[in-house]
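So you can see what is in the structure, the chains are spelled out below.
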Amino acid sequence: MSIGAYSVRTPVISWLVVVIMVFGGIFGFQKMGKLEDPAFTIKMAKIITQYPGASAQEVHDEVTYHLEDAIQKLPQLKRLKMSVSRPGLSDITIEFKDEYGAADLPNVFDELRRKITDVRPKLPPGAQAPIVIDDFGDVYGVYLMLTGDGYSWRDLYDVADDIKRQLVLVKGVRKVSIDGEQQEVVYLDMSRSRLAELGIDPATIAGVLGSQNSVVDAGNVRVGDDYLRIKPTGEFDSVQEIGDVLISSQERSLVRLKDIATITRAYEAVPVKMYYQNGQRALSVGISMAQGENVVEVGKRLNQRIADLQSLIPVGMSLEAVYDQPAEVDKSVGGFIVSVGQAVAIVIAVLLLFMGLRTGLIIGSVLLITVAGTLLLMYLFGIELQRISLGALVIALGMLVDNAIVVAEGMQVRMQSGVKALEAATEAVGKTIWALLGGTAIGILAFSAIGLSPDNTGEFAGSLFYVILISLSLSWITAVSTTPLLCALLLKPGGPEQDLDPYDGKMFQAYRAVVAFAVDHRRFTLVLVAGLFVLGVVGFGNVKSGFFPASSTPLFFVDIYEPEGSDIRRTRDDTLKIANFLREQPGVQQTTTVIGGAHQRFTLVYDAREPTPVYSQIIVRTDDPSQVQELQQLVAEKIRSEAPWIDPIVKSLRIGPGRDAKIEARFSGPDATVLRQLSEQAEAIMRDDAEAVDIRNDWRSPVKLVTPIFNEQVGRQLGISREDLGDAMKYAFDGLPAGSYRDGNRVLPLKMRATESERVDVDAMRDVQIWSAVLGQTVPASAVISGYRTDWENALLRGRNRIQTIIASCNPSGELATPLFDRIRPQIEAIELPAGYSVSWGGEYEDNANAQQGLGRSLPVGILLMILTSIVLFGKLRQPLIIWLTVPLAIVGISAGLLATNGAFDFMSMLGALSLIGLLIKNAIVLIEEIDQQIAEGKNSYEAILDSAVSRARPVVLAAGTTILGLIPLLSDVFFVNMSVTIMAGLGFASVLTLTVVPTLYAVFFGIRKEKNGS
C-alpha cells in the first residue's frame, strides 16, 4: 500500500500528524528565539600590551614581534589579521580557523593565554602583562546612554552602576557593560622652583605616599582568650589628610605636604575615552542577551525593569536608547510576518485561480500545514526567526506547493474520470513519489553550498539552507500524505459522462502546438535557444556586482580622524561641533558620539576601530531611511569645506559582513619608508580617478617628536641617568605616579606634577629640575641636555601575518565598487615593486573572493550529489544529461532581470542563482519522468512527448508562478531584492524555455520524429 493510499484509508493517523504540525507550529512561533540578524561567531581575539615610553618601532620590535611569534604556534590560528604598534601600545588582532565554532572557542582562548604567558619572560623590562580580550565579539543589542546635565562623571557612573546591578538580574540578560567612565585622580601640583629651594627629591615624596596608604599586615596578638588583629593608623581617610603627610627636606627639617603642594581630586586631565549624547556628556550602558533567547520578550522585561528603576535615576538624568534590538527585531519580524502572509495569500490566490476552488483550498491548506511544521522543527532545532530564516521561508513558499500541485492535479484528473479516491491516491502518489522525492532532494542540495560553506558569510546565511531543508522535506511528506487525505475529503468523484479530456482547453492545445513546432523544427529551436543563451552571457557581463547591501535602518555613522598626533581634546571639540551641526538638520533625531575609541558593539556587523586619541565616531539616527543619503552628503561637504584637516568616513549601517573601505591595496615588505612610498603611488592613482573618494592609508601621517639630546658624560658626573631625565620630564608635563588613594571600591592614582603655569610653557623644558644624587640637590635639565631637535616618527606600524603591511584604500562615489576597482587595479599592479615587496587586494574584492571560495569548497559536493541523485532517479544517463543542459538557460532571465531593474549580482543573488538550479531540475524531472512512463505504457513516443508536456504544463507553470509571485513581498527588502529578481526572472524565462527545450532535447537524444512510433 502506498503512503497516499494509507493516508486515505487511515485518516486518524494523518489528522494526528496535521494537528501536531499546526499546533506545534503555533507553539514554536511563540517560543522560538527572535533576532534581527542571524548569529555568527566572531572568531577573533585581541592581545593588548602596554609598553609606556616606547616608540612605535620599539613596540613592534620588542613586544609585537615576540607575541606574534608565540601566537603563530597556535594550531587553531587562521591568520594574524592585524598588528598595530603605537607609541607605548601593542594591539594584535588574530583570527581563528573557520572550523572552530562558538563551543570550541573557550578552549582556544585558554590555549592562547598559555602561549602568551609562556612568552612573557621575553618581553622587555617596563612592558606590562599582555591582556587577552576574548569578548571581542560580544553584541550589546540594547545600547543605552545615561546623561545628566549638571552632574559629574562620578554621579553618572554611580547611577549607571546601580542600574547595572539591577538589569543583570533580568531573565535573558547575559551581561551589562558600562563604558566611558572617567578616571578620578588625586593631583599634587608642586612648583619645581619651590622643591629646588627646599632640596626635596620628588622620588622621596612618591616613596612616602606609596608606603603611607598601603594596606599593612601588622599581624595578630593574643590577649587572654582573644586573638586580635593589629592595625596601625596612618591611612588616608580623605584627600585632605594627604596634605598632613610630613616630608623631610634637605635641611632635615619636616614640612607638611600641603605647604608645598596644591592637592586636588579631579578627573584625568587627558581623558582616554568620552561619550556624548546630543551634546551632553554620557556613559554608555550595553546589555547583551543570552544565546537562544527571544530578544523581543527579553526587551519587554528590560523595559518593564527600567520603568521600575526610574526612582533610582535622579531628576535631570535620563536613560536614552541608541539602538534597541528588541524593538528592531519586533518591527522586522512583524514586517516579515506581513511579507509571509502576503506571499501565502498570493500563492493561494494563484492556486484558486488556476486549480479551482476545491483544489486551490487543498493545496493552500497543505501549504499552511507545511509552514507550521517548519516553524515547529525550527524551534526544536534551535533556529531563530531572523532576517535570513524568515527570508528563506518566503523563498520556500512557492516551492512548498510544487509537490502538492503534482499530487493534487493527478488525483483531480483521475477522480474527474470516475476513479475512486483510494485508487486515485494510489495511482497519483505511486507514479510520482520517487520523482518528487528526487526533485525535492535536488532542490535542497541546490542550497547546500551555503549551508556547508565554512566562511563567515556562509555562517551568516547558513540558516537559509536549513530552513529550506526542513520546509522542502516536509513539503514532500505532506504532498504524499496530507494532500491525498484532503483530496479524498473535498474533491467529488466524477462519472463516466465526465470522462472527458482534461487537457482539451484552448490554452493546452495552443501549448501542444508550440511544443510540436519546436520538436518538428528542432534545429531552429536549438539554434534559437543557443542564441538566447549567448545573449544572456553577454548581458551578464554588463550586470553590476556587489557584496552585501547597506541596511534600511535609519542610522548612519560619521567617523572622524584628526591629524595623527592631535590631542584628544581637539578631537572632542571638533567632533562636538559636527554633531551639533547634524542635530540642527531637519530629520535628525539624535546624535551619539564617542571620542578616543569605538562604541560598544551594538550589532553583530559593527566594525569597532582600535582606540586612539585622534578618532571619534558619531551615530546619527534619522526619522526615515530615505533621509540618510542626503544627510551623509551634507555632513561630508560641511567637513570638507570648514574642517579640511579632518579625514572623515561617512558610512551606512551594513547588513552582513564587510568593511569601511570597499577597495584596498595592501603593500607588504620589510621597510616602512619603502611601504609609504608604494602607498603614496597607489593613492595618487586613486586620486586621478574622479569617482574615487575616501582615499587614505592606514598608517596615517608621521608625527613630530621632541628629542632632548642627553649628554651622558655630564649626566654620569652628576649621577643623573636617562631614566631620571625621563621621570623629570614626565613630572613636569604629564605627572608622575606617586602611589594610590583607596576610596571605598575605587582606587585613585596619586600623581605629582608641576604647577599649571610651569606645565603649559614648552620653553620651560630647559628649566625642568632633576635631582642629582651626587650634589644632593636639583639641577636644571639644561645641565645634562646638549640640545633639542624635532624629529618625525611613525605614529603606528601595522602588520599582517607578521609582515609589515600598509593599506591604501578608497571608496566609490557611487554605490558599486567593481567599476572603479576594474579601472585602478591594472594601474596599481603595474607599480614597480622592489625585491621582497608584494601587493594584494582586500576590501570587497577579498570579501567576495572569500565568500566564493567558501562556496567553492562546498558547491562541488552539492553539484555532484545533485548529478548522482538525477542519475539514480532515472537509472540512465541521457535523461539526466537533458536535465542538466537546461540549467544554464537561467542566465538569460537573470541577465534580463538584473539589467532591467538596475540590480547587482551580489552574494544573495549568487544564492538565488544556485537555488534556480534545483528549481529548474525539479521541473525537468517531473516532465521527463512523465514522458518515460507514457512511453513505457506503450504510447507512441512522439505523442507521449506532446501529451506529457501538456499534462505537466500546469504543474510546472504553477510551481514557477507561485514561486515568482510569492517573492513579490521581498522586492521591497534591500537585503533580498537582488536575490528575488534573480530567482523571479531566471525562473520565469527558464521555465518557459524548459517547457519547449526539454521535449525537444528528449526527441533529439532519443531520435524521436513525428512519423516514427518508437524511440
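The text that follows walks through the structure, step by step, so that each part is easy to find. (Residues numbered from 1 in each chain as written. Predicted model: local features only at pLDDT ≥ 70, side-chain atom pairs only at ≥ 80, totals over all residues. Heavy atoms only, no water.)

## Description of the overall build of the protein
Assigned secondary structure in the protein consists of 34 helices and 32 strands. By residue count, 55% of the 1015 residues in the protein fall in the buried class. Considering only contacts in the protein between residues 6 or more positions apart, those separated by 24 or more positions represent 81%. Counting every atom, the protein has about 43,100 Å² of accessible surface; 56% of that belongs to carbon and sulfur. Positive and negative side-chain charges in the protein, numbering 93 and 112 respectively, have mean positions lying 5 Å apart. (Helix = DSSP H or I, 4+ residues; strand = E, 2+ residues; numbered from the N terminus. Buried < 20%, exposed > 50% of the residue type's maximum accessible area, 1.4 Å probe, protein only. Contact = heavy atoms within 4.5 Å. Areas by Shrake-Rupley, 256 points an atom, 1.4 Å probe, with all protein chains shown as cover. Lys, Arg positive; Asp, Glu negative; His and termini not counted. Charge placed at Lys NZ, Arg CZ, Asp CG, Glu CD.)

## With respect to the pattern of salt bridges
This structure, assessed with the given rule, holds 52 salt bridges. The partner of D244 in a salt bridge is K258, and the shortest N-O contact between them spans 3.2 Å. Note that D244 is positioned in the loop between α8 (239–242) and β10 (246–248) and K258 in helix α9 (residues 257–260), a separation of 14 residues in sequence. Judged by its relative accessible area of 47%, K258 is partly exposed. One salt bridge connects K431 with E937, and the closest N-O pair in it is separated by 3.7 Å. Of this pair, K431 sits in helix α15 (residues 421–445) while E937 is found in the loop between α32 (907–936) and α33 (941–966), placing the two residues 506 residues apart along the sequence. By relative accessible area, K431 is classed as partly exposed at 25%. (Salt bridge = Lys/Arg side-chain N within 4 Å of Asp/Glu carboxyl O.)

## Quick look at the pairing of strand β18 (residues 588–595)
With seven of eight residues buried, β18 is to be regarded as a mostly interior element. Note that strand β13 (residues 274–277) and β18 share four bridges and pair antiparallel. Looking across to β18, one finds that Y275 is bridged to V594. (Pairing = 2+ DSSP bridges.)

## Here we look at the sheet that holds strand β7 (residues 184–190)
The mixed open sheet is built from four strands, whose spatial order is β12-β7-β25-β24. In this open sheet, the two edge strands, each paired with only one partner strand, are β12 (261–267) and β24 (736–743). Averaged over all adjacent pairs, the angle separating strand axes in this sheet is 25 degrees, with direction ignored. Across six bridges, β24 lies against strand β25 (residues 746–753) in antiparallel orientation. (Axes fitted to C-alpha atoms, helices over the stretch in contact; angles between N-to-C directions.)

## Description of helix α20 (residues 506–520)
Between its first and last C-alpha atoms α20 spans 21 Å; for 15 residues at 1.5 Å apiece the expected length is 21 Å, and the two agree. Check the buried side of α20 and you find it contacts α21 (522–540), α33 and α34 (977–1005). (Expected span 1.5 Å × (residues − 1).)

## Notes on the packing of helix α24 (residues 672–687) against helix α28 (residues 818–829)
Describing two packed helices takes the angle between their axes plus the distance from one axis to the other. The interhelical angle for the contact between α24 and α28, taken along N-to-C directions, is 150 degrees, at an axis separation of 10 Å. Between α24 and α28, the interaxial angle falls into the category roughly antiparallel. Considering only the axes of α24 and α28, their crossing is right-handed. Of α28, the residues touching α24 (which contributes A682, I685 and M686) are I824, Q827 and I828. Here the residues of the contact of α24 with α28 are counted per class, giving five nonpolar, one polar and no charged. (Parallel < 35°, antiparallel > 145°, perpendicular 65-115°, else oblique. Left-handed = near helix turned anticlockwise from the far one by under 90°. Nonpolar A, V, L, I, M, F, W, Y, C, P; charged D, E, K, R; others polar.)

## Brief notes about a nonpolar patch on the surface
On the surface, a cluster of nonpolar side chains totalling about 430 Å² of accessible area is made up of L452, V861, L864, L865 and L868. It is helix α29 (residues 843–874) that provides the largest number of residues to the nonpolar patch, a total of four residues. Examined against the element boundaries, V861 turns out to sit in helix α29. Owing to a relative accessible area of 42%, V861 belongs among the partly exposed residues under this scheme. (Patch = residues over 30% accessible without salt bridge, like charges linked within 9 Å, V, L, I, M, F, W, Y side chains within 5 Å.)

## Things to note about the packing of aromatic side chains
Two aromatic rings, taken as a pair, are described by how far apart their centres are and by the angle between their planes. Applying the stated criterion to the full structure yields 13 aromatic pairs. Ring centres of F557 and F602 lie 6.2 Å apart, and the angle between their planes is 40 degrees; this geometry places the pair in the tilted category. Of this pair, F557 sits in strand β17 (residues 555–561) while F602 sits in the loop between β18 and β19 (615–622), and the two are 45 residues apart along the sequence. Classification of F557 as buried rests on a relative accessible area of 3%. Ring centres of F821 and W841 lie 5.0 Å apart, and the angle between their planes is 90 degrees; on these two criteria the pair is classed as edge-to-face. Note that F821 is positioned in helix α28 and W841 in strand β31 (residues 838–841), a separation of 20 residues in sequence. Here F821 matches W841 in class, with each residue buried. One aromatic cluster is present, built from ring pairs that chain together Y143, Y323, F557 and F602. Here R753 stacks its cationic end above the ring of Y187, 3.6 Å away from the centre of that ring. (Phe/Tyr/Trp six-rings, centres within 6.5 Å; stacked < 30°, edge-to-face > 60°. Lys NZ or Arg CZ within 6 Å of the ring centre and 35° of its normal.)

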